[in-house]
Amino acid sequence: MLKIKRFLDYRKCTYCGKEYLAYAVEKINKTDFICNDCKTSYDYCTKNNKFQGKQTQISFSFEFETSSKTKELYELVKYNFIGCYDCSIQGLEWKSPIFYNKKSFHTICKKINKFSKYVGNSCGTHLHVATPYKNLIRKYQKELFLPILTEMKNNLDQTIKFWGRSFNHYCLSEISEYSRYNSFNTMSSVETLEFRLLKFINAEQYIRACDFCIDTTKFINNFIGKENFNSDQARKMGEIITNKYKEVINKCVESC
């Protein structure tokens, strides 16, 4: 395409890489522009199937809920997020790509830290960690998660500091048999264990809490599928998870 200096200005969309006349794109920060096609908001059930990072034995993704529709947030498409409608929040739910390792995940969290101010009171930042044992986890969810939930309820100030918020009707403090709003949710539409209490306050806090959730899911995946797994073993795993949580919380208190 012929470009005449100072006659027609062209801008490149930061996401798709296509060039457009300047009036056909929107400036989202000091250097980046987005075209109308890439600015599309998707249906609530839309899945983000993009992957990021070197493949490992675990994968995970998160939902960055926001209470604003500011154009600044469209910078997230640069990092392969997709914006989806969610009637429970004022902004969009930005679904992250699927991460294969913590390194790439940590990098993204630090890059989007500047957008934490748009994570309002009604927002959560749910983490999904892949598991092939979702049905087994659901079967033993009380043995696995009641001990840690009790610890979290008994030390609510620490819970809020670590997870980013307190329990509510979207992230329950009890285990409901068939609810997708359990804080440790096994009723998601994908093969994951979902951690619903999480909220992005800042990158440091969110990374610390998510690392615990990822490691917890790895631990469960490594043992729950073994032959003759039973309630007693699940109960012991629940105690181990709770003790590890206490250890992580104590380190957090010491360093913060």
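Further up the page is the structure itself.
Residues numbered from 1 in each chain as written. Predicted model: local features only at pLDDT ≥ 70, side-chain atom pairs only at ≥ 80, totals over all residues. Heavy atoms only, no water.

> I would appreciate a short explanation of the layout of surface pockets in the present structure.
Rolled over the atoms, a probe as big as a water molecule pinpoints where empty space is left. Taken as a whole, the largest pocket encloses approximately 800 Å³ of empty space. Forming the walls of the largest pocket are 38 residues, and the residues nearest its centre are Glu63, Glu93, Lys95, His128 and Ser189. Looking at the lining of the largest pocket, the elements that each hand over two or more residues are β6 (60–65), β8 (93–95), β10 (127–130) and β12 (192–195). For the lining of the largest pocket, the element with the highest residue contribution is β6, accounting for five residues. Partitioning the lining of the largest pocket into residue classes produces 13 nonpolar, 15 polar and 10 charged. Computed from the structure, the second largest pocket encloses a volume of approximately 160 Å³. Lining of the second largest pocket is provided by Thr56, Gln57, Ile58, Ala130, Thr131, Pro132, Tyr133, Lys218, Asn221 and Asn222. By residue number, the principal contributor to the lining of the second largest pocket is helix α5 (residues 203–224), which donates three residues. (1 Å grid on protein atoms, 1.4 Å probe; cavity = no way out; pocket = protein on both sides within 12 Å on 5 of 7 lines; lining within 4 Å. Points joined across faces, edges and corners; volume = space filled by probe spheres on them. Helix = DSSP H or I, 4+ residues; strand = E, 2+ residues; numbered from the N terminus. Nonpolar A, V, L, I, M, F, W, Y, C, P; charged D, E, K, R; others polar.)

> Before we go on, may I ask you to explain the packing of helix α4 (residues 156–163) against α5 in this structure?
Two numbers describe a pair of packed helices, the interaxial angle and the distance between the axes. Interaxial distance between α4 and α5 falls to 8 Å at its minimum, and their mutual angle equals 100 degrees. Comparing their axes, α5 and α4 come out roughly perpendicular. Residues Lys161, Phe162 and Trp163 of α4 lie in contact with α5, whose contacting residues are Gln205, Arg208, Ala209, Phe212 and Cys213. Among the residues making up the contact of α4 with α5, the classes are represented as five nonpolar, one polar and two charged. (Axes fitted to C-alpha atoms, helices over the stretch in contact; angles between N-to-C directions. Parallel < 35°, antiparallel > 145°, perpendicular 65-115°, else oblique. Contact = heavy atoms within 4.5 Å.)

> What exactly am I supposed to notice about the packing of aromatic side chains here?
The way to describe two aromatic rings as a pair is by their centre distance and the angle between their planes. Summed over the entire model, instances satisfying the criterion amount to 24 aromatic pairs. Where Phe99 meets Phe105, the ring centres are 5.7 Å apart and the plane angle is 70 degrees; that geometry is what we call edge-to-face. Looking at Phe99, the relative accessible area reads 0%, which means it is buried. Of the residues examined, Phe105 reaches a relative accessible area of 0% and is grouped as buried. Look at Phe162 and Trp163: their rings are 5.5 Å apart centre to centre, the planes differ by 80 degrees, and that puts the pair in the edge-to-face class. A relative accessible area of 1% places Phe162 in the buried class. Since its relative accessible area comes to 1%, Trp163 is described here as buried. Members of the aromatic cluster, each reached through a chain of ring pairs, are Phe60, Phe62, Phe64, Phe81, Phe99, Phe105, Phe200 and Tyr206. Across from the ring centre of Tyr74, 5.5 Å away, lies the NZ or CZ of Lys39, which sits over that ring. The residue whose ring lies beneath Lys95 is Tyr44, and the NZ or CZ to ring-centre distance is 5.6 Å. (Phe/Tyr/Trp six-rings, centres within 6.5 Å; stacked < 30°, edge-to-face > 60°. Buried < 20%, exposed > 50% of the residue type's maximum accessible area, 1.4 Å probe, protein only. Lys NZ or Arg CZ within 6 Å of the ring centre and 35° of its normal.)

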